[in-house]
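Below are the chains, spelled out letter by letter.
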Amino acid sequence: LQKSLGKTTTTSSSSQLKKFPNCDCTYCGKTSSRIKMGSVTQADAHPSYHSREKQTVPFVLAKCLVYIVYNYAVDFVLQSGVFGEIALDDYKFYSFLLFTPVVKYFYFNKLETTHDKKVFAFSVFQDTLISFYYFKYILVSTNNLWYVIFPLNHGGMIALLEYLQFKFLAEPDEHYQVKLSTNPFDFVHVPMIALAIFLYSLVLDFDTPMKPTSFLDMWVPLIAGDFLFGFLHYLSHQRPELWKLHKKHHEYKAKDLNSFANFYAELIDSVSMNSTLFVMCPGLYYLGAHPIVLREALYNVFFTHSKYSTHQMGLVYFFEWDVMDMLADRMRLAENHYYHHKEGKGRFAAWGYVPDSVYEMLLGPIDPVKLHLDTDNKKAL
């Protein structure tokens, strides 16, 4: 499966360290300090995501093909009754609990270091809690008009588990800083999101059956939303009047990034970035998408600012999509925006499906001089 999905030969950990000697992420900072002490084991634990390849059109198409075949195979087995009467939701629940720990065992360097073991242990613990929360509560209790509360549930659950993970994994010099605006108007995007989902829930058919191709309904509006978000995001880095608003959000650097960054932005900037939801919802309705599709998309959105986005599954019902990225050592959906905060520039699309070159072609290059920044301060973009 790894070979068919385009798995490439990864470089050794030592070559990764040479390639990223000045990396300032939390893990690299710890690794570098221990390398000076001569710890070869810690060097081997250098995070592999630095060498991960981006998503490409051929790779995504290959994943779609593999996933469709897999879903039809699952549907055939469940319909045949070989294992008794098992509903699709139950199969997803048990397969999530069974497959994700196995995949993560290899994803976290076969648990070669104490740190890998700790990350793996909490990751599996968190995935277990989320699977019960998602399959036994969200899918059962947040239907019809209650559909509007699931984003609040997602955000609260992810923020809580993120903080617990920080308390469990953090080094003595790490910190968890929560930045919140004192201007109540900066939170207008919260009821705006609720309104979009409420309107969407009024026209949803909650009895829509899940089909083997239902996951495809997510990618059409997701790519459209990716383009629109990236377009507006690029403008916020290109136009001085918009950058003055957007730079507040960039007070959250990669090392400080956490789920509360989702709510830290100026009013106009926040409304602009979240307006993509008003594109996704009509798109999903037009496609006749299953209600689970928006749940999955917004679940992943909350992980785009997570402190530990690479530790967790970015999708739950469609977790197999995330598994394929992990096996092929590719950038996962929530990682793209993390790197935008880390590098301070580039990777303008939310999930990375639309390359920066598209926005540069449409809008022109970003000129740091117009933003009153000197050449040495380009990273502030």
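Coordinates for the structure precede this section.
Residues numbered from 1 in each chain as written. Predicted model: local features only at pLDDT ≥ 70, side-chain atom pairs only at ≥ 80, totals over all residues. Heavy atoms only, no water.

Student: Help me out: how do you make sense of unusual backbone geometry in this one?
Tutor: A negative phi holds for most residues other than glycine; trans holds for most peptide bonds. If you check the backbone angles, Lys 110 has positive phi at about 55° while not being a glycine. Mapped onto the secondary structure, Lys 110 falls in the loop between helix H5 (88–107) and helix H6 (114–141). You will see that Asn 144, though not glycine, has its phi angle at about 55°, which is positive. Here Asn 144 lies in the loop between H6 and helix H7 (150–169). (Helix = DSSP H or I, 4+ residues; strand = E, 2+ residues; numbered from the N terminus.)

Student: Just checking my understanding: could you explain H7 for this structure?
Tutor: For an α-helix, 3.6 residues make a turn, and residues three or four places apart therefore share a direction. With 20 residues, H7 ought to run about 28 Å at 1.5 Å a step, and its terminal C-alpha atoms sit 28 Å apart, in line with that. The complete set of buried residues in H7 reads Phe 150, Pro 151, Asn 153, His 154, Gly 155, Ile 158, Ala 159, Leu 161, Glu 162, Gln 165, Phe 166 and Leu 169. Of the surrounding secondary structure, the elements contacted by the buried residues of H7 are H6, helix H8 (189–203) and helix H13 (292–303). (Expected span 1.5 Å × (residues − 1). Buried < 20%, exposed > 50% of the residue type's maximum accessible area, 1.4 Å probe, protein only. Contact = heavy atoms within 4.5 Å.)

Student: Could you clarify how one ought to interpret the pattern of salt bridges in this entry?
Tutor: When their charged atoms lie close together, side chains carrying opposite charge are able to pair. Following the criterion strictly, the structure yields 6 salt bridges and no others. Salt-bridge contacts for Lys 63 lead to Asp 325; the nearest nitrogen and oxygen are separated by 2.6 Å. Of this pair, Lys 63 sits in helix H4 (residues 57–80) while Asp 325 sits in helix H14 (residues 319–327), and the two are 262 residues apart along the sequence. With a shortest N-O distance of 3.1 Å, Lys 248 and Asp 186 are connected by a salt bridge. (Salt bridge = Lys/Arg side-chain N within 4 Å of Asp/Glu carboxyl O.)

Student: Please explain the packing of helix H9 (residues 216–238) against helix H11 (residues 267–274) as it appears in this structure.
Tutor: When two helices pack together, their arrangement is given by the angle between the helix axes and by the axis-to-axis distance. Between H9 and H11, whose axes approach to 8 Å, the crossing angle comes to 155°. Relative to H11, H9 is oriented roughly antiparallel. Residues Phe 229, Leu 232, His 233 and Ser 236 of H9 lie in contact with H11, whose contacting residues are Asp 269, Ser 272 and Met 273. When its residues are assigned to classes, the contact of H9 with H11 shows 3 nonpolar, 3 polar and 1 charged. (Axes fitted to C-alpha atoms, helices over the stretch in contact; angles between N-to-C directions. Parallel < 35°, antiparallel > 145°, perpendicular 65-115°, else oblique. Nonpolar A, V, L, I, M, F, W, Y, C, P; charged D, E, K, R; others polar.)

Student: Teacher, can you tell me more about the nonpolar core here?
Tutor: One recurring pattern in soluble globular proteins is that nonpolar side chains are buried together. Grouped together as the largest cluster of nonpolar side chains are 66 residues, with contacts concentrated most on Leu 294, Phe 318 and Trp 321. With near-sequence residues (within four places) excluded, Leu 294 lies in contact with Tyr 147, Phe 150, Ile 197, Tyr 200, Leu 277, Cys 281 and Leu 284. (Core = buried A, V, L, I, M, F, W, Y, C linked by side-chain atoms within 4.5 Å.)

Student: Which parts of the structure should I look at to understand the environment of Ala 265?
Tutor: With respect to the element layout, Ala 265 can be found in the loop between helix H10 (240–246) and H11. The sequence separation of Ala 265 and Lys 247 amounts to 18 residues, and the corresponding C-alpha distance is 8.4 Å. Aside from chain neighbours lying at most four places away, what touches Ala 265 is Asp 186, Lys 248, His 249 and Ser 270.

Student: Is there a simple way to think about the packing of H9 against helix H16 (residues 356–363) in this case?
Tutor: Two elements in contact, H9 and H16, have axes whose closest approach is 10 Å; the angle formed by their N-to-C orientations is 60°. Classified by the interaxial angle, the pair formed by H9 and H16 is oblique. Like other packed secondary-structure pairs, H9 and H16 cross with a definite hand, here right-handed. Only Val 358, Tyr 359, Glu 360, Leu 362 and Leu 363 of H16 make contact with H9, whose side of the interface consists of Asp 226, Phe 227, Gly 230, Phe 231, Tyr 234, Leu 235 and Gln 238. Taken together, the residues of the contact of H9 with H16 sort by class into 8 nonpolar, 2 polar and 2 charged. (Left-handed = near helix turned anticlockwise from the far one by under 90°.)

Student: Would you mind going over the side chain of Thr 304 with me for this structure?
Tutor: Tracing the sequence through the fold places Thr 304 in the loop between H13 and H14. Excluding residues within four positions of it along the chain, Thr 304 makes contact with Leu 257, Asn 262, Ala 334, His 337, Tyr 338 and Trp 351.

Student: Hey, could you run me through helix H12 (residues 277–287) in this one?
Tutor: Of all the residues in H12, the buried ones are Leu 277, Met 280, Cys 281 and Leu 284. Along the long axis of H12, the arc covered by the buried residues comes to 95°, so they all point the same way. Where H12 is buried, its residues contact H8, H9, H11 and H13. (Arc of directions from axis to C-beta.)

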